[in-house]
Amino acid sequence: MIMDTQTLDTAAVSQFLKGKLPGFDSPVTATKFTGGQSNPTFLLETVAGNYVLRRKPPGQLLKSAHAVDREFRVQRALYGSDVPVAKMHVLCEDASVIGSDFYVMDHVPGRNFNEPTMEGLTNTDRSAVIADMNRVLAALHEVDVDAVGLGDYGPPGHYLERQVGRWTKQYRASETQDIPAMNRLIERLAADMPEDDGQRTLVHGDYRIDNMIFEADGTRCLAVLDWELSTIGHPYADLASVIMQWQLPAGSEGRGLMGVDRAALGLPSDAEFVAEYCQRRGLERVDRFGFFVAFCFFRMGAIIQGVLKRALDGNASNPKRAMQLGAFVPVFAENGLKALEADK
């Protein structure tokens, strides 16, 4: 059954939000953002200003996936902190309104970079954007989770062990064909797990440049988006998420920096970015970083396998893009295995 993820019942949204937010007692227009594969997201234009609505996709979903309630909670807790986020307004957990849960937040005008090469920017601005990306990441990992009311946002215990177990289950539930490299990666991650070093911070779970909004005419980050995978966990997983993306092929498909002359573009090396992060947080080094990078490749492979499964089931946010992404699962698995070899 094909589920409609491309349109939004603006009449139902307006009826629900009337009296809760200004602008919903007059006609509202909704335009779907083209990016994102998980939770369909819409720009709402009203006479009182613009908002953004983010919803779960309709249809049968994997357990614990598409948790818009968690996205709403973490961003509301972080608003006004050193971690820039949009202002949260309303969470609707009544699926009968539009067919799934959703929340409404401020629209943050600015610019979004789909690729870390940031075509069109000067070298100075590229360097400044990445430096601010580093600043925000370090600030995120310095958040006092108890002070902002997120002390119970994730379970205690070994984050990597929990995550490998969780995403293995998610991957198996979405599996559409046997991928030997993914099977080997799962086995290797479980067998070579680092000991829990006790680090426990707020983590974003999908920290990368295309999940950030920057000033329209500057280089400062105005909002970090897409908090679906956020939890309490190990900060190095977020750091590795950045490096994982950079190790992918350059261009609109891989959106990485493989083969790019970074110095010629004013971009840091992997080691330089990690060193700057360590300096900001007062760390001497990052141990077992190759394992964290391998884990990020594995998790992203599991995620895009889920995206492919939703496309085949008819409820993907962007069906064409979902099918294209699905072909990359073996690539992520092979890259994860290479990262483990580098960790030795």
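Heads up: the structure comes first, above all this text.
These numbers come from a predicted model, not from an experiment.

Draft legend 1. Here's a closer look at the overall build of the chain. Along the backbone of the chain there are 11 helices and nine strands. Relative to the 2.2 N^0.38 estimate, which gives 20 Å for 344 residues, the radius of gyration of the chain is 20 Å and therefore close to what a compact globule would have. In the chain, buried positions account for 53% of the 344 residues. A separation threshold of at least 6 residues defines the contact pool for the chain, and within that pool the share at least 24 residues apart is 71%. Of the roughly 14,900 Å² of accessible surface on the chain, a fraction of 51% belongs to carbon and sulfur atoms. Across the chain, the centroid of the 36 positively charged side chains sits 3 Å from that of the 45 negatively charged ones.

Draft legend 2. Structural detail: unusual backbone geometry. Phi at D226 takes a positive value of approximately 60°, unusual for a residue other than glycine. When you line up the elements, D226 lands in the loop between strand 8 (221-224) and strand 9 (231-233). Residue classification places D226 among the buried residues on the basis of a relative accessible area of 19%. For R255, which is not glycine, the phi torsion reads 55° and is therefore positive. Locating R255 in the fold gives a position in the loop between helix 6 (235-246) and helix 7 (262-265). The exposure class assigned to R255 is buried, which follows from its relative accessible area of 16%.

Calculation criteria
- Residues numbered from 1 in each chain as written.
- Predicted model: local features only at pLDDT ≥ 70, side-chain atom pairs only at ≥ 80, totals over all residues.
- Heavy atoms only, no water.
- Helix = DSSP H or I, 4+ residues; strand = E, 2+ residues; numbered from the N terminus.
- Rg over C-alpha atoms; globule rule 2.2 N^0.38 Å.
- Buried < 20%, exposed > 50% of the residue type's maximum accessible area, 1.4 Å probe, protein only.
- Contact = heavy atoms within 4.5 Å.
- Areas by Shrake-Rupley, 256 points an atom, 1.4 Å probe, with all protein chains shown as cover.
- Lys, Arg positive; Asp, Glu negative; His and termini not counted.
- Charge placed at Lys NZ, Arg CZ, Asp CG, Glu CD.

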